[in-house]
Amino acid sequence: MKQTMMRRWLAACLALLALTWGAALRAEPKAPDVLVKEISDEVIERLKQRPIKTDADMNEWLAYVEQRVLPHFDFERMTMLAVGQPWRQATPEQRKRLTQEFKTLLVRTYANALREYRDEKLEFKPLRMAPGDKTVRVSSMVIRPGSEPIAIDYVMELKGDGWKVFDVVVAGVSLVTSYRSTFGQEIQAKGIDGLIQTLAEKNAHGETMPADTAKQG
Amino acid sequence: MNKKTRAIAAIAACVAMSGCATSQPSNPKDPWEGFNRAMFQVNDALDTVVIRPAAVVYDNVLPSPVKTGVGNFFSNLGDLGNAANNLLQGKPQAALNDLVRFAFNSTWGLLGVLDIASEAGLPKHNEDFGQTLAVWGVGDGPYLVLPLFGGHNLRDTAALPVDYYSDPTTYVEGDAAKYSFKAAEIVVKRAELLPADRATEGQIIDKYAHLRDVYFQRRNYLIHDGNPPIEYEDFNGNGASNGGSR
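In this report, we go over the structure that sits alongside the text.

Rules used throughout
Residues numbered from 1 in each chain as written. Chains lettered and ligands numbered in written order. Predicted model: local features only at pLDDT ≥ 70, side-chain atom pairs only at ≥ 80, totals over all residues. Helix = DSSP H or I, 4+ residues; strand = E, 2+ residues; numbered from the N terminus. Buried ≥ 20, exposed ≤ 12 C-beta atoms within 10 Å, placed from the backbone. Contact = placed C-beta atoms within 7 Å. Pairing = 2+ DSSP bridges. Expected span 1.5 Å × (residues − 1). Nonpolar A, V, L, I, M, F, W, Y, C, P; charged D, E, K, R; others polar.

**Let's talk about the overall build of chain B**
Point 1. Secondary structure summary: chain B contains ten helices and two strands in total.
Point 2. Beginning at the N terminus, the succession of helices and strands in chain B can be written as α-α-α-α-α-α-β-β-α-α-α-α.
Point 3. Taken across its 246 residues, chain B has 26% of its residues classed as buried.
Point 4. Counting contacts in chain B only where the partners sit at least 6 residues apart, residues at least 24 apart contribute 57% of the total.

**Some words on the pairing of strand β4 (residues 162-170) of chain A**
Residues and elements named next belong to chain A.
Point 1. Of the pairings in the sheet, the one linking strand β3 (residues 150-159) to β4 comprises eight bridges and is antiparallel in character. Counterpart to Glu-157 in the pairing with β4 is Lys-164.
Point 2. Hairpin connection between β3 and β4: a loop of two residues separates the two successive antiparallel strands.

**Describing the environment of Leu-110 of chain B**
All names here are of chain B.
Point 1. Its place among the elements puts Leu-110 in the loop between α4 (92-107) and α5 (116-119).
Point 2. Residue class for Leu-110 comes out partly exposed when judged on the 13 C-beta atoms lying within 10 Å of it.
Point 3. Spatially, the C-alpha atoms of Leu-110 and Lys-91 are 28 Å apart, while their sequence positions differ by 19 residues.

**What about the sheet that holds β4 of chain A?**
Point 1. Reading across from one edge, β1-β2-β3-β4-β5 (chain A) is the order of the five strands in this open sheet, with antiparallel pairing throughout. A strand with exactly one partner marks an edge of an open sheet, and here the two such strands are β1 (121-124) and β5 (173-174) of chain A.

**With respect to α4 of chain B**
Residue and element names in this part refer to chain B.
Point 1. The terminal C-alpha atoms of α4 lie 22 Å apart, and with 16 residues this matches the ideal 22 Å at 1.5 Å per residue to within 8%.
Point 2. Listed as buried for α4 are Ala-95, Asn-97, Asp-98, Arg-101, Phe-102, Phe-104 and Asn-105.
Point 3. Of the surrounding elements, those touching the buried residues of α4 are α3 (64-88) and α5.

**Thoughts on the interface of chain A and chain B**
When the parts of a complex come together, some accessible area is lost, and that lost area is often taken as the interface size.
Point 1. The partner chain B presents 45 residues to the 46 residues of chain A that form the contact.
Point 2. Counting residues per element, the ones that place at least two in the side of chain A that touches chain B are α4 (75-83), α5 (92-115), β5, α6 (175-178) and α7 (180-205) of chain A.
Point 3. The dominant element in the side of chain A that touches chain B, judged by the number of residues it contributes, is α7 of chain A, at eleven residues.
Point 4. Looking at the side of chain A that touches chain B residue by residue, the classes come out as 14 nonpolar, 22 polar and ten charged.

And the structure:
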């Protein structure tokens, strides 16, 4: 008798556990603007405490960006958009390599941009989104004293595991489409493999910090 | 044809030929790419040797508050042009906003050094005569790079003189003073672009094409005073059946 009761009680506990756990898994993905704001705030906080001054700082930051920021980007889609038409002709292997190299390039650009942070403020505009929208645009403004504010928009789509960024529009310039022309030219001159090669070389070269890093004014 | 005419014709032919040098233009809005690239080399050299170093010195040597003040000063002068262009584009509210900005900042903001108008909630606009012409329906025309002035589409190139005369520093007394102001304006603007330089250092495959394409997007954005919708195509689906890379 006691055993059956124990078993029933255990079964009930497991059922309860499964229910709550399942609910957590099926939980609403975090809202896109909340996600962007959270990560932006976190990055800025971290930047204030740990500015990027040396190569070691840079490497540490690259690791952090890889772990915390990258998972929220859809690099394959970004690469497809950056490459444009020729993507159709690329083999899966080429697509994989292109995505890899473009990702490295973007991460490095992002880290370099972070190095230029000088206490600018970040403001977010209210998110305009209809229920059921699968693509949204999260708008923010970077306020710098003495200069025009810069509008930075994150274009995101809802995928299986949450909202992912696939384009960043800075002051009206779409990041991914701004590469299309140069990538196109490179492919025309050297083919897709040539582009992969060029990107790999650029990425290999960008191992150290640029020469005239500005001093804190 | 006398000698001089023949020489001019020869030069014109060379320019035209270099424009036709690329068998397939990489961008339909840039039919004069050959010529433009040559001019870009000139400008790039000028930038590398003269302008960028001056901007770096300015950026490194002056303390932040001073740079902010200088930036505000030039930005304030630009508000007059913004007001005029907003009015011409049929945006009287925006024009009024810019005039009030100018009045506030020039007086309470100590000749524009302090940007109190922005703190008071008056937005900063960015207008020029090229945008005004676009709003009036003038088409953009081919991309043209000129020595020193850089690359603009033909419409914006034609608009440059108007912007020149809308700039208060043009009316400064005395050549030396005027050119000092102009040079300072250039250095300050260049210094504002240094962070972008450094972020993309060593990563741009083709500087000319990159700057040109960024320019096109930027003009579209400015003319529409906001974000024109960007189309995101889908190039997936057809993997290479021949496995070739070309």
